[in-house]
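# Architecture at a glance
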Amino acid sequence: MKNIRIAAIQMVSGCDVARNLADAALLIAKAVDSGAELIGLPEYFPVIGVDDSLPVAASEPYEQGPIQDWLKETAARHGVWLLAGSIPLRSDVPGMAFNSTLVLNPRGEVAARYDKIHLFSFTSDDERYNESACILPGQREVAFDSPFGRIGLSICYDLRFPELYRVLAAPAPLDLIFLPAAFTRVTGRAHWEILVRARAIENQCYLLTAAQGGEHESGRRTYGNSMIIDPWGEILARRATGKGFIMAELDHQRIAEVRHRLPAFSHRKDLAYCARA
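Moving on to the overall build of the protein. The helix and strand inventory of the protein stands at 8 helices and 17 strands. Computed over C-alpha atoms, the radius of gyration of the protein comes to 18 Å, within 12% of the 19 Å expected from 2.2 N^0.38 for 277 residues, which places it in the range of a compact globule. For the C-alpha atoms alone, the extent of the protein along its principal axes is close to 50 × 45 × 35 Å. Relative to its full complement of 277 residues, the protein shows a buried share of 54%. Total accessible area on the protein stands at roughly 11,800 Å², and carbon and sulfur atoms take up 52% of it. For the protein, the centre of its 30 positive side-chain charges and the centre of its 33 negative side-chain charges are spaced 4 Å apart.

Structure representation (structure tokens):
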């Protein structure tokens, strides 16, 4: 499998879809000019509000709508793999949508779709979130094979559930985990770096995070800190706050080296885990 330059776009998206898509287009073009062949966008990159009601109002039927048309055209025009953060996709339940990642190949075709499984709920003195009020949970995990390895998909709060990644890696180990996010500042400061590095270490693979990061026009505050982590848990690139992109190389020799030095996958005891479940 070939090595590849991977990039994460960090945004501070607002309530205007057209403006957010224009911002994303500029950052994608800059990443492509810098050599990126696979580019990840943040959670709710086309529209984000103080809660999930705004994305639901902007939701589109699967395979229809201006956001998805823009994604297909952008991937094809640049000839890159585009991991489309998350977008709201319409459901059959009135007032509810899915929070979904679409993967576009260099021809602009949808290669995979993942609907967020774990829905965020959090209460603090000045913040309250309940994603399940507007969002339906996905029902299956999704990983896909590409010319540069096996990629597992997840979104934001999924990060806190390591068992998801074990299931994703069950048929074959992952080479890359993609995680778009809009972590709150409170939870991000406490847990974000610990969790993303842990998931990379546990799975001995690269992890690409693309985050919302800053003060949003709705008043929402997101943590940012988009990162690219290598299989040993080393941070290869990071953007703390604000719009921009980061980039690093996905090196298959590095994956092989880490797995040879510490053959954790061969040490797993699946039968023992199942017996205790």
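What follows is about the pattern of salt bridges. Tallied over the full model, the rule gives 16 salt bridges. Glu109 is the partner of Arg107 in a salt bridge, and the nearest nitrogen-oxygen pair spans 3.0 Å. Under the relative-accessibility criterion, Arg107 is labelled exposed at 61%. For Glu257, the salt bridge identified is with Arg261, shortest N-O distance 3.5 Å. Here the residue Glu257 and the residue Arg261 both occupy positions in helix H6 (residues 252-261), the gap between them amounting to 4 residues, near one helical turn. On the basis of relative accessible area, Glu257 is assigned to the partly exposed category, the value being 33%. Beyond isolated ion pairs, a larger network of salt bridges with shared partners links Asp230, Arg254, Glu257 and Arg261.

The biggest cluster of nonpolar side chains holds 46 residues, and the ones touching the most others in it are Leu38, Leu153 and Trp192. Tallying contributions element by element places strand S11 (residues 176-181) first for this core, with 5 residues. Leaving out residues up to four positions away in the same chain, Trp192 has contacts with Leu159, Leu179, Ala181, Phe183, Thr187, Thr209, Tyr223, Gly224, Asn225 and Met227. Leu21, Ala36, Val80 and Leu89 belong to the second-largest nonpolar core, a separate cluster that totals 24 residues.

Let's shift gears to helix H5 (residues 185-203). An α-helical segment advances 3.6 residues per turn. Residues three or four places apart therefore align on the same side. Compared with an ideal rise of 1.5 Å per residue, which puts 19 residues at 27 Å, H5 spans 26 Å between its outermost C-alpha atoms and is within 8% of the ideal. Where H5 bends most, the angle comes to about 55°, and this point is His191. Residues Thr187, Gly188, Trp192, Leu195, Val196, Arg199, Ala200 and Asn203 constitute the buried set of H5. Phi for Gln204, located one or two positions after H5, is positive at around 50°.

The contact between helix H1 (residues 17-33) and helix H3 (residues 66-78) brings their axes to 12 Å, and the two run at 15°. Relative to H3, the element H1 is oriented roughly parallel. By crossing handedness, the relation of H1 to H3 is classed as right-handed. On the side of H1, the interface is formed by Val17, Leu21, Ala24, Ala25, Ile28, Ala29 and Val32, while H3 contributes Ile67, Trp70, Thr74 and His78. Of the residues belonging to the contact of H1 with H3, the class tally is 9 nonpolar, 2 polar and no charged.

What follows concerns H3. The terminal C-alpha atoms of H3 lie 18 Å apart, and with 13 residues this matches the ideal 18 Å at 1.5 Å per residue to within 8%. Among the residues of H3, those classed as buried are Ile67, Gln68, Trp70, Leu71, Thr74 and Ala75. Seen end-on, H3 carries its buried residues on one side only, within an arc spanning 155°. Next to the buried residues of H3 lie H1, strand S3 (81-83), strand S4 (87-90) and strand S5 (97-104). Of the residues one or two after H3, Gly79 is the one with positive phi, at around 65°.

Another point: the packing of aromatic side chains. Summed over all chains, the structure comprises 6 aromatic pairs. Summarising the aromatic geometry, the rings of Phe45 and Trp70 are spaced 6.0 Å apart at their centres and angled 40° between planes, so their arrangement reads as tilted. Separated by 25 residues along the polypeptide, Phe45 in the loop between strand S2 (38-40) and helix H2 (53-57) and Trp70 in helix H3 bring together distant segments of the chain. Their ring planes at 20° and their centres at 6.1 Å tell us that Trp81 and Phe144 sit as a pair that is stacked. Here Trp81, found in strand S3, pairs with Phe144, found in strand S9 (residues 143-146); they are 63 residues apart in sequence, far enough to count as distant. For Trp81, a relative accessible area of 12% corresponds to the buried category. Grouped by ring-pair contacts, the aromatic residues Trp81, Phe144 and Phe148 constitute a single cluster. Stacked on the ring of Tyr62, the Lys or Arg Arg113 has its end atom at 4.7 Å from the ring centre. The ring of Trp232 carries Arg261 above its face, with NZ or CZ at 4.6 Å from the centroid.

Reading the values: rules and limits
- Residues numbered from 1 in each chain as written.
- Predicted model: local features only at pLDDT ≥ 70, side-chain atom pairs only at ≥ 80, totals over all residues.
- Heavy atoms only, no water.
- Helix = DSSP H or I, 4+ residues; strand = E, 2+ residues; numbered from the N terminus.
- Rg over C-alpha atoms; globule rule 2.2 N^0.38 Å.
- Buried < 20%, exposed > 50% of the residue type's maximum accessible area, 1.4 Å probe, protein only.
- Areas by Shrake-Rupley, 256 points an atom, 1.4 Å probe, with all protein chains shown as cover.
- Lys, Arg positive; Asp, Glu negative; His and termini not counted.
- Charge placed at Lys NZ, Arg CZ, Asp CG, Glu CD.
- Salt bridge = Lys/Arg side-chain N within 4 Å of Asp/Glu carboxyl O.
- Core = buried A, V, L, I, M, F, W, Y, C linked by side-chain atoms within 4.5 Å.
- Contact = heavy atoms within 4.5 Å.
- Expected span 1.5 Å × (residues − 1).
- Bend = angle between axes of the 7 residues up to and from the residue.
- Axes fitted to C-alpha atoms, helices over the stretch in contact; angles between N-to-C directions.
- Parallel < 35°, antiparallel > 145°, perpendicular 65-115°, else oblique.
- Left-handed = near helix turned anticlockwise from the far one by under 90°.
- Nonpolar A, V, L, I, M, F, W, Y, C, P; charged D, E, K, R; others polar.
- Arc of directions from axis to C-beta.
- Phe/Tyr/Trp six-rings, centres within 6.5 Å; stacked < 30°, edge-to-face > 60°.
- Lys NZ or Arg CZ within 6 Å of the ring centre and 35° of its normal.

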